[in-house]
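# Working through the structure, step by step
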Protein chains: 2
Amino acid sequence: MAQIGLQSIQLEQAPAIVAAASVVGTKEGEGPLGKLFDVIGEDDKFGEDTWEAAESALQKEAATLAIGKSGWKKEDIRYIFGGDLLGQSIATTFGLAQFQIPLFGLYGACSTAGESLMLAAMTVAAGYADQVLAGTSSHFASAEKQFRFPLEYANQRPLSATWTVTGSGAFVVGKEGKVRITGVTPGRVVDYGIKDSQNMGAAMAPAACDTIFHHLEDFGRRSEEYDRIVTGDLGYVGKEILLQLLRERKIDIQKQHMDCGIEIYDRSAQDTHSGGSGCGCSAVTLAAYFLPKLETGELKRILFVPTGALLSTVSFNEGQPVPGIAHGVVLEHVE
Amino acid sequence: MAQIGLQSIQLEQAPAIVAAASVVGTKEGEGPLGKLFDVIGEDDKFGEDTWEAAESALQKEAATLAIGKSGWKKEDIRYIFGGDLLGQSIATTFGLAQFQIPLFGLYGACSTAGESLMLAAMTVAAGYADQVLAGTSSHFASAEKQFRFPLEYANQRPLSATWTVTGSGAFVVGKEGKVRITGVTPGRVVDYGIKDSQNMGAAMAPAACDTIFHHLEDFGRRSEEYDRIVTGDLGYVGKEILLQLLRERKIDIQKQHMDCGIEIYDRSAQDTHSGGSGCGCSAVTLAAYFLPKLETGELKRILFVPTGALLSTVSFNEGQPVPGIAHGVVLEHVE
């Protein structure tokens, strides 16, 4: 039976992440994971005239590289599941159009890496496709323009703010491979009424808590059964809230928990305050840091939980809160 | 075998549209389909203070009504597939959050009604859920604010422009029912280099052509095997282009073709120029007009092809073209 518990799916014919690629900007290249990324851009324009086109170039390059690594050709990829943070997902449209592969456009804010992997895995496991691509991106400059202030304004950032990762991660999901997607827990929108759009960690932590809690319930597992529980971009502020919220539900993930937003930058040297964020943050950290460890068996099983803050400048300016969403993906090493 | 042809899926355990609901604004209520809609708002604010919150209210009402009609409770709906046109899909976030059902957020511009139905059907057919909800919305005023000019500016609209439908359509997809989703053809991004954002019919027609052509190829069917081939919101301008493009590929759908954007308004009496558009256009027309005819068997099989124009004000202002996308969904009457 595929359905498990209240909101999860167990994939018995578990699909594999056959190949992955990460393409990042200069700041990410200078960070602690710098040596692990496939491509580090020479500058953050990636040869384009606009920040949005630069983000599209990131997606195109990551997708091309992932498909290349998989050994398949683009004609062998049946569907793409992709999205980004920009209004009307234009980074994805213009980044992936020329592949001429049918596209399922997604919007899950920074949880999109999880959403795309879930749907990719569900599609392959059901036999609807043999190989599909899941991809997502973010770009510091296009995100600042979309959500905050013009870069030229050089605004002060509060310590709770995160730094949007310039990067794209792409994943080819197919049938055979050493890293399997064995289960998924699609998340609900969770709204604690947080209204500070410069504190997205606090806005997203309740959603991460909800998804992790229900995931463990649904699968009847304890947190110790995961080598790592990896959130997307809660940052230092959100991490503390998540750990506290889970403790209130009698779950302690202190030992297993890692957050991609914390791993990707050196907070003190890189002035990134609470950490990294953006769709690209969890995608490139999964591709470059966690997947190789799952590939070798150094990690046996992780729960990957990208987190998204569901806001726009319009909703924020109209006084709406910032609800969160988080999607859970179980990744396991198999021989 | 679920995979059929180059890009389609045949759903052998075909899921059903168990129930549907349509909630629209005053202008749609005054149009030719007015009597068929479930709810017509008294004014287009739907009791809210902002246009965006009004659009969220539309979604909430349509979803509540569809679930109610289905005879299930909201707890019985395992997942929601939803999206809208606004940046960061805020109509969906704030419209559907309180259902507390895991959400797959989608962005396919005005093709989202098709994308949500495809994924809903794929999910139920694979056994990942017994009942799911697919829903989408658009609102004239929130869309004008998002994509064009402030309403107060009272700009002149070219004759090629369409009028964004104020409406939300919601569908409960389950296992048993008289209207089955027997196949899907996810579409590719098709870019003919159209740069006129006030002529979205022309921008989307090539994508509709591509999806209809490949759909017929994949399933080995002639257009005559469909009682209707129903595009989303090409309008009068896009319809002519679609028919011409298909004729160039030796396919004539003149007799079968209908366009939701043409059906929903009375062009001469309602000053809607090329027709209706928006995610809500195809969703409410399917729910109110086509589904009842499929239910009774007056229509035996239709191909529903919502069409989307992939642009934002940023991509438009940066000189990017307006690519299109269209997704095909086969709906059949069964006894």
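Every chain's residues receive numbers from 1 upward, in the order its sequence appears when written. Chains carry letters and ligands carry numbers; both start at the beginning, A for chains and 1 for ligands, and go up in the order they are written. The predicted origin of the model limits local features to residues at a pLDDT of at least 70 and limits the giving and counting of side-chain atom pairs to 80 or more, whereas totals for whole chains, interfaces and linings rest on all residues.

### So, the overall build of chain A
A run of H or I in DSSP becomes a helix once it reaches four residues, and a run of E becomes a strand once it reaches two; helices and strands are each numbered from the N terminus. If you tally the helices and strands in chain A, you get eleven helices and 17 strands. The C-alpha atoms of chain A give a radius of gyration of 18 Å, which matches the 20 Å a tight globule of 335 residues would have. By principal-axis analysis of the C-alpha atoms, chain A measures approximately 55 × 50 × 35 Å. Here a residue counts as buried when 20 or more other C-beta atoms fall within 10 Å of its C-beta, as exposed when 12 or fewer do, and as partly exposed in between; the C-beta atoms come from the backbone. Within chain A, the proportion of its 335 residues that are buried is 64%. In chain A, the share of contacts with a sequence separation of at least 24, taken over all contacts with a separation of at least 6, comes to 80%. For the radius of gyration, the atom set is restricted to C-alpha positions; the globular benchmark scales as 2.2 Å times the number of residues to the power 0.38. Each residue is represented by a C-beta atom placed from its backbone, and any two residues with such atoms within 7 Å are regarded as in contact.

### Let's talk about the nonpolar core
In summary, soluble globular proteins display a tendency toward joint burial of nonpolar side chains. The term nonpolar core means buried Ala, Val, Leu, Ile, Met, Phe, Trp, Tyr and Cys residues held together as one set by C-beta atoms within 7 Å. By size, the foremost hydrophobic cluster in this structure holds 238 residues, and its most contacted members are Ala66 of chain A together with Ala66 of chain B. Excluding residues within four positions of it along the chain, alanine 66 of chain A makes contact with Ala19, Ala20, Ala21, Leu133, Ala170, Phe171 and Val172 of chain A.

### Notes on the packing of helix H6 (residues 200-219) of chain B against helix H7 (residues 235-248) of chain B
Residues and elements named next belong to chain B. Running from N to C, H6 and H7 cross one another at 40°; their axes reach a closest spacing of 8 Å. Comparing the axis directions of H6 and H7 gives the class oblique. Classified by chirality, the crossing of H7 by H6 is right-handed. Facing H6, whose interface residues are Gly201, Ala202, Met204, Ala205, Pro206, Ala208, Cys209, Ile212 and Phe213, H7 presents Gly235, Val237, Gly238, Ile241, Leu242, Leu245 and Leu246. Classes in brief: Ala, Val, Leu, Ile, Met, Phe, Trp, Tyr, Cys and Pro nonpolar; Asp, Glu, Lys and Arg charged; the others, Gly included, polar. Residue classes in the contact of H6 with H7 are distributed as 13 nonpolar, three polar and no charged. In this analysis an axis means a line fitted to C-alpha atoms, helices contributing only their contacting stretch, and an angle means the value between N-to-C directions, from 0 to 180 degrees. Angle categories are assigned with fixed cut-offs, so that under 35 degrees is roughly parallel, over 145 is roughly antiparallel, 65 to 115 is roughly perpendicular, and the rest are oblique. Crossing handedness is read from the near helix: turned anticlockwise from the far helix by less than a right angle, it gives a left-handed crossing, and turned clockwise, a right-handed one.

### Overview of the environment of serine 168 of chain B
Residues and elements named next belong to chain B. The residue serine 168 is located in strand S9 (residues 167-174) in this model. When the 38 C-beta atoms within 10 Å are taken as the criterion, serine 168 is described as buried. Note: C-alpha distance between serine 168 and glutamate 61 (107 residues apart in sequence) is 8.3 Å. Filtering out sequence-adjacent residues up to four positions away, serine 168 remains in contact with Val23, Leu58, Gln59, Ala62, Gly135, Thr136, Ser137, Gly280 and Ala283.

### Some points on the domain arrangement of chain A
Residue and element names in this part refer to chain A. For chain A, the assigned domains read domain 1 (3-174) and domain 2 (179-333). Domain start and stop positions are those given by an automatic or database domain assignment. Between domain 1 and domain 2, the C-alpha centre-to-centre distance is 17 Å. With 56 residues of domain 1 at the interface, the matching set in domain 2 holds 59 residues. At the level of elements, strand S2 (8-10), strand S3 (16-24), helix H1 (26-29), helix H4 (112-125), strand S7 (132-138), helix H5 (140-147), strand S8 (163-164) and strand S9 (167-174) are the ones that each hand at least two residues to the side of domain 1 that touches domain 2. It is H4 that contributes the most residues to the side of domain 1 that touches domain 2, eight residues altogether. A per-class count over the side of domain 1 that touches domain 2 returns 31 nonpolar, 20 polar and five charged.

### What to know about the environment of threonine 164 of chain B
All names here are of chain B. By the element assignment, threonine 164 lies in strand S8 (residues 163-164). Judged by local crowding, threonine 164 falls into the buried class, with 25 C-beta atoms found within 10 Å. With 75 residues separating them along the chain, threonine 164 and lysine 239 place their C-alpha atoms 17 Å apart. With residues near it in sequence (within four places) discarded, threonine 164 still touches Ser138, Phe140, Ala143, Glu144, Ser277 and Gly278.

### Some remarks on the relation of the copies chain B and chain A
Copy-to-copy alignment: least squares on C-alpha atoms, limited to residues at pLDDT 70 or above in both. At an RMSD of 0.0 Å, chain B and chain A line up after a rotation of 180° and a shift of 0.0 Å along the axis. Both copies of the chain, as the preceding transformation shows, are related through a two-fold rotation axis. Here 100% of the contact residues of chain B are again contact residues in chain A; the copies associate through an equivalent surface.

### Brief notes about unusual backbone geometry
The backbone of aspartate 271 of chain A shows a phi angle near 55°, a positive value even though the residue is not glycine. The residue aspartate 271 of chain A is located in the loop between helix H9 (267-270) and strand S13 (276-277) in this model. Even without being a glycine, glutamine 100 of chain B presents a positive backbone phi close to 55°. A count of 15 C-beta atoms within 10 Å places glutamine 100 of chain B in the partly exposed class.

### What to know about helix H4 (residues 112-125) of chain B
Here H4 of chain B spans 20 Å end to end across 14 residues, near enough to the 20 Å set by a 1.5 Å rise per residue. In the segment just after H4 of chain B, glycine 127 of chain B is the residue with positive phi, at about 85°. Here a helix's expected span is defined as the number of its residues, less one, multiplied by 1.5 Å.

### A look at the confidence of the model for chain A
Detailed reading of the predicted model is not advised wherever pLDDT is low. For chain A, per-residue confidence averages 96 on the pLDDT scale, and 100% of positions sit at 70 or higher. Both scores are given for the predicted complex: the pTM is 0.98, the ipTM 0.97. Per residue, pLDDT measures the predictor's confidence, with a range of 0 to 100.

### Quick look at the packing of helix H2 (residues 51-70) of chain B against helix H5 (residues 140-147) of chain B
Residue and element names in this part refer to chain B. Remark: H2 packs on H5, axes separated minimally by 8 Å, with the N-to-C direction vectors making an angle of 135°. Here H2 is positioned oblique relative to H5, judged by the angle of their axes. Read as a crossing pair, H2 and H5 show a hand that is left-handed. Contacts between H2 and H5 involve Trp51, Glu52 and Glu55 from the first element and Ala141, Ser142 and Lys145 from the second. Residue composition of the contact of H2 with H5, by class: two nonpolar, one polar and three charged.

### Section: the interface of chain B and chain A
Accessible area lost when the parts come together is the quantity often used to give the size of an interface. In this assembly, 49 residues from chain B lie in contact with 49 residues from chain A. Mapped by element, the contributors of at least two residues to the side of chain B that touches chain A are strand S5 (79-83), helix H3 (90-96), strand S6 (103-105), H4 and helix H11 (313-317) of chain B. The dominant element in the side of chain B that touches chain A, judged by the number of residues it contributes, is H4 of chain B, at four residues. Classifying every residue of the side of chain B that touches chain A by side-chain character gives 26 nonpolar, 17 polar and six charged.

### Let's talk about the environment of serine 111 of chain B
By the secondary structure assignment, serine 111 of chain B is in the loop between S6 and H4. If we skip the residues at most four places from it in the chain, serine 111 of chain B touches Gly187, Gly232, Pro306, Thr307, Gly308, Ile325, Ala326 and His327 of chain B.

### Section: the pairing of strand S14 (residues 301-305) of chain B
Residues and elements named next belong to chain B. Summarising burial for S14: four of the five residues are buried, a large majority. In terms of strand pairing, strand S11 (residues 228-231) meets S14 through four bridges, oriented parallel. Counterpart to isoleucine 229 in the pairing with S14 is leucine 303. Pairing between strands is defined by DSSP: at least two bridges between the two strands are required. Pairing of S14 with strand S17 (residues 328-333), which is carried by four bridges, proceeds in the antiparallel orientation. Residue pairing in the sheet places leucine 303 in a bridge with valine 330 of S17.

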